[in-house]
Amino acid sequence: GAVTSGMDACWVGLLCSSDNLRAYGYVTTNAKYVTLVEDSIPPENVQFQKSRDNEICVLMANVHRLYTESLMNPFTKLHSKITSQRFDRSVTNLVRSFNGL
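**Q** Just to check I follow, could you spell out the overall build of the protein chain for this structure?
**A** Counting its regular elements, the protein chain contains 3 helices and 3 strands. Dimensions along the principal axes, computed over C-alpha positions, put the protein chain at roughly 50 × 40 × 20 Å. Across the 101 residues in the protein chain, those meeting the buried criterion constitute 27%. Pairs at least 24 residues apart make up 45% of the contacts formed inside the protein chain by residues separated by at least 6 positions. As displayed, the protein chain has an accessible area near 7,500 Å², and 54% of this comes from carbon and sulfur atoms. For the protein chain, the centre of its 10 positive side-chain charges and the centre of its 9 negative side-chain charges are spaced 12 Å apart.

**Q** Help me understand the sheet that holds strand β1 (residues 11–17) in this model?
**A** Strand order in this open sheet of 3 strands is β1-β2-β3, and the pairing throughout is antiparallel. Lying at the two open borders of the sheet, with one neighbouring strand each, are β1 and β3 (32–38). Averaged over all neighbouring strand pairs, the angle between strand axes comes to 25°, with direction disregarded. Sheet topology note: the β1/strand β2 (residues 21–27) ladder contains 5 bridges and is antiparallel. Pairing of G13 across the sheet is with G25, part of β2. Running over the sheet, helix α2 (residues 46–72) touches β1, β2 and β3 and is turned about 45° from β2.

Here is what the cut-offs are and how they apply
- Residues numbered from 1 in each chain as written.
- Predicted model: local features only at pLDDT ≥ 70, side-chain atom pairs only at ≥ 80, totals over all residues.
- Heavy atoms only, no water.
- Helix = DSSP H or I, 4+ residues; strand = E, 2+ residues; numbered from the N terminus.
- Buried < 20%, exposed > 50% of the residue type's maximum accessible area, 1.4 Å probe, protein only.
- Contact = heavy atoms within 4.5 Å.
- Areas by Shrake-Rupley, 256 points an atom, 1.4 Å probe, with all protein chains shown as cover.
- Lys, Arg positive; Asp, Glu negative; His and termini not counted.
- Charge placed at Lys NZ, Arg CZ, Asp CG, Glu CD.
- Pairing = 2+ DSSP bridges.
- Axes fitted to C-alpha atoms, helices over the stretch in contact; angles between N-to-C directions.

The following block contains the structure:
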């Protein structure tokens, strides 16, 4: 099989879908992420769905990068709630960008 590296190595992909939501997974050595996305893509539009799946993979990789940067901050208490306004702003900006806002 092909060797996977980088953000693709962490990408689990589609976990399940319901009437209007799709759940995606992304797993690293120190975190597990589940992202719920509103499903508005018709099932027959496979190419657009593959493109959107790739965008979700990139989004989740960037959220993990921000999480890792937050953990590396010497003033961050491990195993506690993330209270960094920079982290919050950055994640919000990523999600807004993903949503086309």
